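Residues per chain, in single letters:
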Amino acid sequence: MSTKLTPTIEDYLSLLLVLERDGEPVVGARLAELLGVTPPTVTNTLKRMTRDGLVTMDEKSGPRLTEQGRAAARSVMRRHMLTEWLLIRMLDWSKTHSQAHSIEHTVSAELEEALQNNLENPQLCPHGNPLPGFEHVVAHWQPLLDFKVGDRLLIRRVHELAEQDPDLLAFLEAHQLMPGKAAQITEILPFNQTITLLVEGQTVTLGFCVARYIFAEPH
C-alpha cells in the first residue's frame, strides 16, 4: 500500500475513528449519510481499505480499524485539529472546521510537529473535541439532554458530527453556544423535542437531535 493516503480514504478513517471512539454502530448507510455519498460507494471504498490493511470487516459490527488504520486515523484527526487552532487566529470559530478539512490532507509530518510545538500541545480542538490520546479529558462532560430545567452549566464541547454542518456551527456561534460559555436550561419540552437555554443573556432553543451533540458540565 502506498504510504500516501488519498483525502477520501483519510475522511473515512477519521469518521470511523470517531464512531468507534463513541461506541456507535458503524453501518454502511450511516457512513454514506455522514460522508454524502451512496451506499455502493461506501461498500467499494471499504473493500479497498480492507485490501490495504486499514480496516477489517466483521459481519456483526461492520468495519473496524486495524492498528495500521487507527494510527493513520489518529494522524488525520491530529492534523485537522491542529490546523483548526492555526486558522482560528484568522477565521470565525464556525468556519475553522470546513477550512481545516480542506487543508489537513496536505499537512506534512514536519508541519504537524511544528504546529503541535507552536500551539503548546493542545489537548482539545477549538470545538472542545479531544485530540487523539486525550479522550479522558472529555469523558465526564455530559450532553445537554442529561441536564434538567434550572441547571446552570458550562458549555464544553460541540461533537465532531455536529461540526460537519456549517450552518449549525454558524447558528451556535451566533447564539454563543460555544466552549467556555455559561448557560442555564430554562425549558425542556419532550413532546416537541426541544430544549431552551439562556446563554449570555439571550434565549436559544435547540432540537434534541442537536442538543445530544453539545456537551457541558455543571457550573
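What counts, and at which threshold
Residues numbered from 1 in each chain as written. Predicted model: local features only at pLDDT ≥ 70, side-chain atom pairs only at ≥ 80, totals over all residues. Heavy atoms only, no water. Pairing = 2+ DSSP bridges. Helix = DSSP H or I, 4+ residues; strand = E, 2+ residues; numbered from the N terminus. Contact = heavy atoms within 4.5 Å. Axes fitted to C-alpha atoms, helices over the stretch in contact; angles between N-to-C directions. Parallel < 35°, antiparallel > 145°, perpendicular 65-115°, else oblique. Left-handed = near helix turned anticlockwise from the far one by under 90°. Nonpolar A, V, L, I, M, F, W, Y, C, P; charged D, E, K, R; others polar. Salt bridge = Lys/Arg side-chain N within 4 Å of Asp/Glu carboxyl O. Buried < 20%, exposed > 50% of the residue type's maximum accessible area, 1.4 Å probe, protein only.

Peer 1: Lay out the sheet that holds strand β7 (residues 202-207) with the relevant residues and their values.
Peer 2: The strand order β3-β8-β4-β5-β6-β7 describes an open sheet built from six strands, whose pairing is antiparallel. Single-partner strands in this sheet number two, and they are β3 (142-143) and β7. Two elements, strand β4 (residues 152-158) and strand β5 (residues 182-189), share three bridges in a ladder whose sense is antiparallel. Across the sheet, residue L154 finds its bridge partner in β5, namely A182. Where helix α8 (residues 166-174) meets the sheet, it contacts β4, β7 and β8 (214-218), and its direction lies at approximately 155° from that of β7.

Peer 1: Run through the packing of helix α4 (residues 67-87) against helix α5 (residues 96-103), naming residues and quoting values.
Peer 2: To characterise two packed helices, one gives the angle between the axes of the helices and the distance between these axes. At their nearest, the axes of α4 and α5 sit 9 Å apart, and the two run at 125° to each other. The angle between α4 and α5 places the two elements in the oblique class. Every pair of crossing elements has a handedness; the one defined by α4 and α5 is right-handed. Of α5, the residues touching α4 (which contributes H80, T83, E84 and L87) are T96, H97, Q99, A100, H101 and I103. Counted by class, the contact of α4 with α5 contains three nonpolar, six polar and one charged residues.

Peer 1: Lay out the pattern of salt bridges with the relevant residues and their values.
Peer 2: In the structure shown here, the tally under the stated rule is 13 salt bridges. One salt bridge connects E67 with R70, and the closest N-O pair in it is separated by 3.1 Å. Of this pair, E67 and R70 both sit in helix α4, three residues apart, which is roughly one turn of the helix. Relative accessible area serves as the criterion here: at 63%, E67 is assigned to the exposed category.

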